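# Coordinate inspection notes
This is what each chain is made of:
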Amino acid sequence: MPSPLTTAPPSWFAAALLNWYPRHRRDLPWRHTRDPYAIWLSEVILQQTRVKQGLPYYLDFVTTYPTVQDLAAAPQDEVLRHWQGLGYYSRARNMHHTAQQVVQEYGGQFPGSYHELLKLRGVGQYTAAAIASFAYDEQVAVLDGNVFRVLARVFGLTQDIAAPASRKAFQQLADTLIPADQPAEFNQAIMEFGAIQCTPAKPDCLFCPLQQQCFAFQHGMVQELPVKSKAKAARTRYFHYLVLRHADTVYLRKRGPKDIWEGLYDFALHETESAELQAVAVVEVVESLGGRVATDRVEEPTAALRHVLSHQKVEAKFHAVWLETPLPTATLAATGLAAYRAAEIEELPKSILITNYISNSGI
DNA sequence: TTCCTGCGCC
DNA sequence: GGCGCAGGAA
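In this text the structure is predicted, and so the values were computed from the model without any measurement. (Residues numbered from 1 in each chain as written. Chains lettered and ligands numbered in written order. Predicted model: local features only at pLDDT ≥ 70, side-chain atom pairs only at ≥ 80, totals over all residues. Heavy atoms only, no water.)

### Details of the domain arrangement of chain A
Reports often express the size of an interface as the amount of accessible area lost when the parts come together. Domains assigned within chain A are domain 1 (11-218) and domain 2 (235-361). Its C-alpha centre places domain 1 at a distance of 38 Å from the equivalent point of domain 2. Facing nine residues of domain 1, the contacting portion of domain 2 comprises 15 residues. Buried surface at the junction of domain 1 and domain 2, summed over both partners, amounts to about 920 Å²; 47% is from carbon and sulfur atoms. For Glu262, the salt bridge goes to Arg93, with nearest N and O atoms at 3.0 Å. Linking domain 1 with domain 2 are seven residue pairs in polar contact (both at pLDDT 80 or more), by the criterion used here. Here the side of domain 1 that touches domain 2 takes four residues from helix H5 (residues 76-83), the largest share from any one element. (Domains from an automatic or database assignment. Contact = heavy atoms within 4.5 Å. Buried area = accessible area lost by both parts, 1.4 Å probe. Salt bridge = Lys/Arg side-chain N within 4 Å of Asp/Glu carboxyl O. Polar contact = N/O pair within 3.5 Å; in protein donor to acceptor, adjacent residues only side chain to side chain. Helix = DSSP H or I, 4+ residues; strand = E, 2+ residues; numbered from the N terminus.)

Now the structure itself:
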């Protein structure tokens, strides 16, 4: 097993990155501000999102909510609607909560240090370090996927980066490497270096300024590092959506906690252990909701639409059903279902699965 | 199709 | 340690 770094922190590492960065950096809007609110917005959006996908969302959020007060005052549905399509919707709910917390408990001013930032909901070690260094020049090293990869390769760290326990070694190393005089520039540089030069699959080792010092390159281990254990296989769930329609309305409900897509809207859901659900069963399910199915108005269900999440695969069939009469109020109270017109549905926050169904079915 | 990336909460 | 989302690359 190769030996990791055991000597004093090398000066060549920061020097090489700080030389590389201004020549290769992408021009991104959040790199032109030191406003902690804007930096926080960008970091929360970029937490599990690539720059290319997150950029339009960042521009939308800073335009729609120029200040933390604007974001705090917005209804949750509206914030989720703006977040729609980014995934990991708890990020949006936490972000909204934190905006309200900053307004109410911090007088509208973001906390001014790494340790204070850590107290905010949705702000973990990475985001706190990013904001503290970018906005306040605090000397605290960021540790994200890029940094793990760069450090593992350059210094030959073989710990499993998916295991929380291995975080210590990386953090310790990063903390020794970050220079006191340019912490923000260093953090930007190492992450950008990982994103552009030291990429996961095909790093540009040929033109890499760290080629001579890089442990992985010198030992032919670039493809082996970083070490990362694989996630366990996702389970499959079978969703039968009852798209209950009456007159010009469709019934939807806001999803509750402890399951995927919390806070987003979907249709009446009948989940089964298998993909099967006979047409006659649809009528029974609707009647169990107190609905009266209009004669001959049960359409063939859609083909199964597959949707993959982090730890689940969803196979969903949509059954459009026209009702003779509106659902009884007792059912609405019990299920959370409510009738919406097409224009209202457009405004509700929805998962990509539901959004795709609606656009393909022409509601 | 399959694989992979990406941070924080519980 | 388990789990949450979507999209792009292989």
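### Looking at the pairing of strand S7 (residues 312-323)
Burial runs high along S7: ten of the twelve residues are buried. With eleven bridges connecting them, strand S1 (residues 235-246) and S7 associate as parallel partners. In the sheet register, His240 faces S7, and the bridge partner there is Lys317. Direction of pairing for strand S6 (residues 305-308) relative to S7: antiparallel, over a ladder of four bridges. Pairing of Arg306 across the sheet is with Glu315, part of S7. Linking two consecutive strands that pair antiparallel, namely S6 and S7, is a turn of three residues. (Buried < 20%, exposed > 50% of the residue type's maximum accessible area, 1.4 Å probe, protein only. Pairing = 2+ DSSP bridges.)

### Quick look at helix H1 (residues 11-24)
For the α-helix, the turn length of 3.6 residues means that residues three or four positions removed from each other point alike. If you check H1, its first and last C-alpha atoms are 21 Å apart, about what 14 residues at 1.5 Å a residue would give, namely 20 Å. As for H1, its buried residues are in contact with helix H9 (145-155), helix H10 (167-177) and helix H11 (183-196). (Expected span 1.5 Å × (residues − 1).)

### Structural notes on the protein's contact with DNA strand C
As a matter of local geometry, DNA strand C sits amid 20 residues, with Tyr89, Trp261, His307, Ser310 and Gln312 nearest to it. Counted by atom, the contact set of DNA strand C within 4 Å of the protein is 57% sugar and phosphate. The separation between a phosphate oxygen of DNA strand C and a polar side-chain atom of Tyr89 is 2.5 Å. Contacts to DNA strand C include Trp261, whose backbone N or O atom sits 2.6 Å from a phosphate oxygen. Classifying every residue of the surface near DNA strand C gives nine nonpolar, nine polar and two charged. (Near = heavy atom within 4 Å. Nonpolar A, V, L, I, M, F, W, Y, C, P; charged D, E, K, R; others polar.)

### Some details on the nonpolar core
Judged by nonpolar contacts, the single largest core of 105 residues is most densely connected at Phe13, Trp40, Leu151 and Phe267. Looking at which domains feed residues into this core, each of domain 1 (11-218) and domain 2 (235-361) gives three or more. (Core = buried A, V, L, I, M, F, W, Y, C linked by side-chain atoms within 4.5 Å.)

### Regarding the UniProt feature "domain: HhH-GPD" (unreviewed entry) in chain A
The residues that UniProt annotates with the feature "domain: HhH-GPD" (unreviewed entry) are residues 45-196. Strand forms 0% of residues 45-196 and helix 64%; the C-alpha atoms that close the span are 19 Å apart. (UniProt positions renumbered as here; feature names shortened; annotations may be inferred.)

### Description of the protein's contact with DNA strand B
DNA strand B sits among 20 residues. The nearest are Gln47, Gln48, Gly122, Thr127 and Gly145. In the interface set of DNA strand B, defined as its atoms within 4 Å of the protein, sugar plus phosphate atoms amount to 76%. Here a phosphate oxygen of DNA strand B sits 3.4 Å away from a polar atom, N or O, in the side chain of Lys230. Those elements that provide at least two residues to the surface near DNA strand B are helix H8 (125-136) and H9. Within the surface near DNA strand B, the residues separate by chemical class into five nonpolar, nine polar and six charged.

### With respect to the environment of Phe239
Tracing the backbone through its elements, the reader meets Phe239 in strand S1. Looking at Phe239, the relative accessible area reads 1%, which means it is buried. Counting along the chain gives 31 residues from Phe239 to His270, while the straight-line C-alpha distance between them is 6.1 Å.

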